[in-house]
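# Geometric and topological summary
These are the residues of each chain, in order.
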Amino acid sequence: MAGRAEAVRASGLGPWRFVVWFGTVSLLADVVYEGARSITGPLLASLGASALVVGVVTGAGEAAALGLRLVSGPLADRTRRFWGLAIAGYVLTVVSVPLLGVAGTLWAACVLVVAERVGKAVRSPAKDTMLSHAAAATGRGRGFAVHEALDQVGALVGPLLVAGVLALTGGDYGPALGVLALPGVAVIGLLVWLRARVPDPEAYEREVAAAAESDTETVDGRRLPRAFWTYAAFTATTTTGFATFGVLSYHLVERHLLTAAWVPVLYAAAMAVDAVAALVTGWLYDRHGPRVLIALPALTAGVAALAFTDTLVLAVAGSLVWGAAMGIQESTLRATVADLVPRGRRATAYGLFAGVVGAASLAGGALIGGLYGYSIPVLITVVVAIQVLAVVLLAVTRTPRR
């Protein structure tokens, strides 16, 4: 694999350098939008929003971030304008966030919150597709894993930066969000530079395929492979039993295991575990293939069994296991999509995959939240049963041989 990666060059930039630079773009973008998301609730409340309004607006934003990929994915495949869509999506995000700091009315702030999420929907299928081309040369698991690890650095830095500025300014949201314009400018600058260096990221994968004399894929309108749909069913099933951090933190605070002030610290620790898990499973994926994904149902079941106890150590451990599962979801799951789907249909596949994950996340949130109020032992039993079904679906998915 290493020799193959060294043999591939697109406009003088090797595939690993492309992955790292694209990961740096994601790191800086995460500083921007994760910084903003960490204070979205209090910001909207300061403008007069009720808890219902906050819930509706943030929920609408997440629905847009996932659902609109059903449009942006096929659009990327049809137009082949991957760089244009990626840059447009990032611009929408990095412009919307600083404007939140000067939005003087609730309606304007609500529009900007949703707009930031729309930006993610616009760019994600195109971004993942370009990343998959470079990862064909580096190893799909490792390429996506390194990108995810860099991404999570931004997810840590952004909220801490915003918290620091809020502390210095006495809670003034304007400067706290305005400072995020700086990494936003860097995002656009890096993207423009990267596009100039690598105008056609697909060249990485074409050269790898040519070297292996296996470039039989086309860019026509063929149906997505059956294995993709089986794999999507596996992903939807395991995601349906995956608790959100919101429910985990609710349990910790309501059961008086942690104070609210310690919840962000635990979340940061979970994000660190996320990055490590992505790197480990990405490396294992390149050596052993998608069979390593069996860890995801196991971890998801472990979250329910540990996090909803009344023992602090076990509940914290469950939250860290949640971080490990997130690391696999955000890296290795996406890498497998690239191995299952031909290049010409990959952005469409990523858009559909995001839609499936979004629907399953909504169903899972409702299921876990409802069962939590009914019976925690029943919750754990149901989650374990769902994960057993997920393992069966993974077993019948015909994934690429290693």
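Above: the structure in question.
The paragraphs below set out a description of the structure included in this document. Everything numeric in this text was worked out from a predicted model, so none of it was measured.

Running from N to C, helix α6 (residues 82-100) and helix α10 (residues 181-197) cross one another at 170 degrees; their axes reach a closest spacing of 9 Å. Classed by the angle they form, the pair α6 and α10 counts as roughly antiparallel. Contacts from Trp83, Ile87, Tyr90, Val91, Val94 and Pro98 in α6 reach Ala181, Gly184, Val187, Ile188, Leu191, Leu194 and Arg195 in α10. Here the residues of the contact of α6 with α10 are counted per class, giving eleven nonpolar, one polar and one charged.

The residue glycine 327 is located in helix α16 (residues 312-330) in this model. Measuring from C-alpha to C-alpha, the distance between glycine 327 and alanine 227 comes to 23 Å, with 100 residues separating the pair along the chain. Sequence-distant contacts of glycine 327, defined by excluding residues within four places in its chain, comprise Glu148, Asp274, Ala278 and Thr332.

With 17 residues, α10 ought to run about 24 Å at 1.5 Å a step, and its terminal C-alpha atoms sit 25 Å apart, in line with that. Taken together, the buried positions of α10 are Pro183, Gly184, Val187, Leu190, Leu191 and Leu194. Seen along its axis, α10 keeps its buried residues to an arc of 125 degrees; they face one direction. Exposed residues on α10 whose side chains face more than 90 degrees from its buried face are Leu182, Val185 and Ala196. Each element contacted by the buried residues of α10 is listed here: α2 (15-37) and α6.

Axis separation between helix α5 (residues 69-79) and helix α18 (residues 346-374) bottoms out at 7 Å; the angle between their running directions is 175 degrees. On the basis of their axis angle, the class for α5 and α18 is roughly antiparallel. Of α18, the residues touching α5 (which contributes Arg69, Leu70, Gly73, Pro74, Ala76 and Asp77) are Arg346, Ala347, Thr348, Gly351, Leu352, Ala354 and Gly355. By residue class, the composition of the contact of α5 with α18 is six nonpolar, four polar and three charged.

Rules used throughout
- Residues numbered from 1 in each chain as written.
- Predicted model: local features only at pLDDT ≥ 70, side-chain atom pairs only at ≥ 80, totals over all residues.
- Heavy atoms only, no water.
- Axes fitted to C-alpha atoms, helices over the stretch in contact; angles between N-to-C directions.
- Helix = DSSP H or I, 4+ residues; strand = E, 2+ residues; numbered from the N terminus.
- Parallel < 35°, antiparallel > 145°, perpendicular 65-115°, else oblique.
- Contact = heavy atoms within 4.5 Å.
- Nonpolar A, V, L, I, M, F, W, Y, C, P; charged D, E, K, R; others polar.
- Expected span 1.5 Å × (residues − 1).
- Buried < 20%, exposed > 50% of the residue type's maximum accessible area, 1.4 Å probe, protein only.
- Arc of directions from axis to C-beta.

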